[in-house]
Every structure is written in C-alpha cells, then in structure tokens.
Amino acid sequence: METHLIDLMKGSKAGAEAEAILRACVHCGFCNATCPTYQLLGDELDGPRGRIYLIKQMLEGDEPTAKTQLHLDRCLNCRSCETTCPSGVHYSRLLDIGREVLEAKVPRKGSDRLLRGVLKMALPRAGLFGAAMRMGRLVRPLLPRLLQAKVPMARGAGSRPTAMHSRKMIELAGCVQPSMYPNINAATARVLDRLGITLLEAPATGCCGALRFHLNDVEAAREDARRVIDAWWPLLEAGAEAIVMTASGCGVHVRDYAHLLQEDPVYAPRAARVCAAVQDLSEVIAKEKGPLAQLLEGTRKQREGTSTVFHSPCTLQHGQQIRGVVESLLQAAGFDIRPAANGHMCCGAAGTYSILEPELAIQLRDLKVETLSAGSPGVIVSANAGCIAHLQAGTPLPVRHWIELIDQSLEPRP
Ligand code: SF4
Ligand code: SF4
C-alpha cells in the first residue's frame, strides 16, 4: 500500500513503523473473515482492512472525526486479524500508533471522558480496586445485572507454600486479579512448589500498565512498566529463572516492555532482560510435564469423564501465538477436553472493552458461551482473569483458570 505520511510522523520511530506496517498490507481483506466486530456489524470500517484505511488517512493528514474514533474504539485489539493475515501485517501496533494520534486530535467528551478517567484511576490501584470489590460483594444482590457480572463471588485462595527451593520464579500479583480471583496465583504457587520451584512476589509491583496503555495513556503505562521493572530487578539479579504470567492479558503486555521503553536509555536494556525472562504459565508447566505427570498419576481416575472445554484468550493465542499448550497439558493430566467451534473468536472481555462497549461485548460473550457449551462440558477453563469473569457472567457453568484444575488434582503430599 503506497503511503504519504504527514511531517509529524516522518522521522519518528512510530512513523517509520506505521509506514512499514501500512506498506505490508495488500488490501486482500482475508482478515475480515476472522474479525469479531466485522462479523457482528458487517461494516467495512468495523473490520481490520477498513480500520487500517482510517488510520492511514489520518496519518496522511486527513482530520479524524468522532466517526473515526467510533470505529477504532469498537476494535477489541484481539489480534485475530494478525493471525489470519498472510502478509504479516502487525495490525495491533498500527492501532496503538493510530489511537495515540487520534486521542490527541479528537478529545473525549462528557461521560466517555469521565468513565475512562475513572477506569484509569481506579483499576490499576490494587488496594482501591480490592476495597471496591469487597464493597460490591456486600451489596451484590442489589446491583444491576450488568454490574453483578463485574463482581464475582469470593473464592478462598487456600494456603501458600512456605518452602524455599533453590529454583525460583517471579509472579506478577497484578491489579484486579488478586481481589477477583486470589486462588489463581495461590494455586500456581502450590503447583510450582510441588515441582520444586518457589514462586516469589516482589513488593510494590502494582499494575503492569496494560490497562492504562489500552486506555491510550501511554506515558502512564511507561511509568507503570518502569515501576514493575524496578520491583522485579533485585529478584532477577538474585537468580530468578523466569517471570511467570498467570494472566495472558498481562503477559502479552509485559512481553512488549522492550518496545514500549525502546527510547528510554536507562530502562531499555532492563526491559529487554525482563522480556527475555517472561513466560506464560503454560510454557513453564509444559517444561515440567514429566514430574507433573507423576504428581497427578494417583488421582487420574477421579478425573475420568470430567469434560472440560478451554477458551483460549486472544492475548494467548493471537497476542503471544501460544496455541494448544494448555489443552495438551490438561489432556495429559487426564481431563476430557472437548473442542469448541470458532475458537479463534474473542469472548468480548478485552480488558476494559466489556465496560466501554457493553452491547458488543455481551453479544460476543453470548456467542462464545453458546459454542463453549455445545459439547455439554462440566467446566469451562481459560487463562485470563478478565475472560473468566466475563464468561462467568453469561453461564451457570463454572468458569475457572486451568491451573486451578491442576492444583485440585495434585496427589496429597505423602
Ligand atoms: S491486514 Fe493482511 S489480511 Fe488484512 S487486508 Fe491487509 S494484507 Fe490482507
Ligand atoms: S484486532 Fe480484532 S476486532 Fe480489531 S480489527 Fe483485528 S480482528 Fe477485528
């Protein structure tokens, strides 16, 4: 695709990147076939090819309007289009560049501005979010249905192991996950402990920055990334072998720290080292398959007939290109994994999308629940707290993180 970027973009790293991405697109439209919003709305401007054109026009000097903003806001950033694209177009990066320029040119107004401001302020603060979650649980029956869905019932975390092994890994406590689903990281710590690995949590890590980044506050997201790197650095220096991501939404963002901080001479090298150490939990556990099988052997019979279906988050399958790993781990553990149609499609959670675009998010969720439920599974599992909460609001079936199933299946200690 030929491009003529405006002077503002010429000579900048973002401009060069946008130009390369735009030139890679051959306008074939294959990506529309797997785009959730194009499939729902049937509008070219609500598909990747149309959005690429909107961004191109803006970067070439056309003034963007509220309509440009509407079509870019409706994008889930699910990256299904990237998986489909035969030309390797890095759509999400172009979207990030486009949204940053658009945000400066078309200021938010009224309730949209207020809501985004509240989300940017409240969600990344674990203490504040935790207090709101506790309060929400107290009055849950009185809340409107839409809000009830955002307040999952409390589930105990159980105990954390205290043993210190020579092998150590770092966890990201995160911002919303500890109060929504404290059991996820606790279950991870228990499973890793049985595999001879201590899971460490660095103090004062806070939010990885994904929330503010996707709300177009890129500078605040850079600050989040610097704080997280500072918190992890002493543990990495002390020999921690990996940074384990239990939420794929955080994982995909942290893997991008090197890019986010590429122009920061102090933090760029540290960010590169952090990125090299990041692993999704499924990658960590897949390397321990043999020892894990031994720990699960004695309880295998209990799982026979436990039908399970896996919803692979977009941040795992498209963002990190990790596919089939969780399914094969669960299968090896003895779970009966049922396939689901349209596994590539987003469930509609997409960070804050389910709050900012509730109608589309609910349509996508209901479609996803329908396909996941088709094989009559006993439980739905996923790998990201946001997807788990969003799906749970649309089904009576239990929705869990896959590591919780592995944790429950461990043989008791001799
Ligand atoms: S992004 Fe890829 S699939 Fe979509 S129109 Fe461009 S080249 Fe074709
Ligand atoms: S990121 Fe997802 S919603 Fe956005 S254009 Fe690509 S496929 Fe469509």
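Look above for the structure.
The structure presented is a predicted model; accordingly, all values stated were derived computationally and were not measured.

Can you walk me through the sheet that holds strand β5 (residues 307–310) in this structure?
The sheet built from 4 strands is open, its strands ordered β6-β5-β7-β8 with parallel pairing. Both outer strands of the open sheet, β6 (336–338) and β8 (399–401), are each paired with one neighbouring strand and no more. On average, adjacent strands in this sheet sit at an angle of 40 degrees to one another, irrespective of strand direction. By the bridge criterion, 3 bridges tie strand β7 (residues 379–382) to β8 in an arrangement that is parallel. Paired with S382 across the strands is H401, a residue of β8. Strands in contact with helix α21 (residues 325–332) are β5, β6 and β7; relative to β6, the strand with the most contacts, it is inclined by about 145 degrees. Sheet strands touched by helix α24 (residues 385–392): β7 and β8. Its angle to β8, the strand with the most contacts, is close to 170 degrees.

Looking at this structure, how should I read the environment of I229?
Relative to the assigned elements, I229 resides in helix α13 (residues 218–237). The exposure class assigned to I229 is buried, which follows from its relative accessible area of 0%. In the structure, I229 is positioned 30 residues away from L199 in sequence and 17 Å away in space, judged by C-alpha atoms. The contact partners of I229, leaving out residues within four places of it in the chain, are Y257, L261, Y267, R270, A271 and V274.

Can you walk me through the pairing of strand β2 (residues 197–201) in this structure?
The side chains of a regular strand alternate between the sheet's two faces. Most of β2 is tucked away: 4 of the 5 residues are buried. Pairing of strand β1 (residues 167–171) with β2, which is carried by 5 bridges, proceeds in the parallel orientation. Bridged to I170 within β2 is L200.

Explain α21 here, please?
Side chains of residues three or four places apart in an α-helix project in the same direction, reflecting 3.6 residues per turn. Of the positions making up α21, those classed as buried are V326, L329 and L330. End-on view of α21: buried residues confined to an arc of 95 degrees, all on one side of the axis. G334, located one to two residues past α21, shows a positive phi value of around 105 degrees.

What exactly am I supposed to notice about the site of ligand 1 here?
With respect to spatial proximity, the complete set of residues near ligand 1 consists of C25, V26, H27, C28, G29, F30, C31, I52, C85, P86, S87 and V89. A majority-of-atoms criterion places ligand 1 in the largest cavity. Residues belonging to the shell around ligand 1 are distributed by class as follows: 9 nonpolar, 3 polar and no charged.

Help me out: how do you make sense of the site of ligand 2 in this one?
Taken together, 13 residues sit near ligand 2, with C35, R51, C75, C78 and C81 positioned nearest. For the shell around ligand 2, the elements supplying multiple residues, two or more each, are α2 (36–41), α3 (48–59) and α5 (80–84). By residue class, the composition of the shell around ligand 2 is 8 nonpolar, 3 polar and 2 charged.

How should empty space enclosed by the protein be read in this particular structure?
Tallied over the full model, the rule gives 5 cavities of 30 Å³ or more. Estimated volume of the largest cavity: approximately 110 Å³. If you trace the largest cavity, you find 16 residues lining it, with C25, C31, I52, C85 and V89 closest to the centre. Contributions of two or more residues to the lining of the largest cavity are made by α3 and α5. With 3 residues, the single largest contributor to the lining of the largest cavity is α3. Taken together, the residues of the lining of the largest cavity sort by class into 11 nonpolar, 3 polar and 2 charged.

The rules we used
- Residues numbered from 1 in each chain as written.
- Chains lettered and ligands numbered in written order.
- Predicted model: local features only at pLDDT ≥ 70, side-chain atom pairs only at ≥ 80, totals over all residues.
- Heavy atoms only, no water.
- Pairing = 2+ DSSP bridges.
- Helix = DSSP H or I, 4+ residues; strand = E, 2+ residues; numbered from the N terminus.
- Axes fitted to C-alpha atoms, helices over the stretch in contact; angles between N-to-C directions.
- Contact = heavy atoms within 4.5 Å.
- Buried < 20%, exposed > 50% of the residue type's maximum accessible area, 1.4 Å probe, protein only.
- Arc of directions from axis to C-beta.
- Near = heavy atom within 4 Å.
- 1 Å grid on protein atoms, 1.4 Å probe; cavity = no way out; pocket = protein on both sides within 12 Å on 5 of 7 lines; lining within 4 Å.
- Sits in = over half its atoms within 2 Å of the grid points.
- Nonpolar A, V, L, I, M, F, W, Y, C, P; charged D, E, K, R; others polar.
- Points joined across faces, edges and corners; volume = space filled by probe spheres on them.

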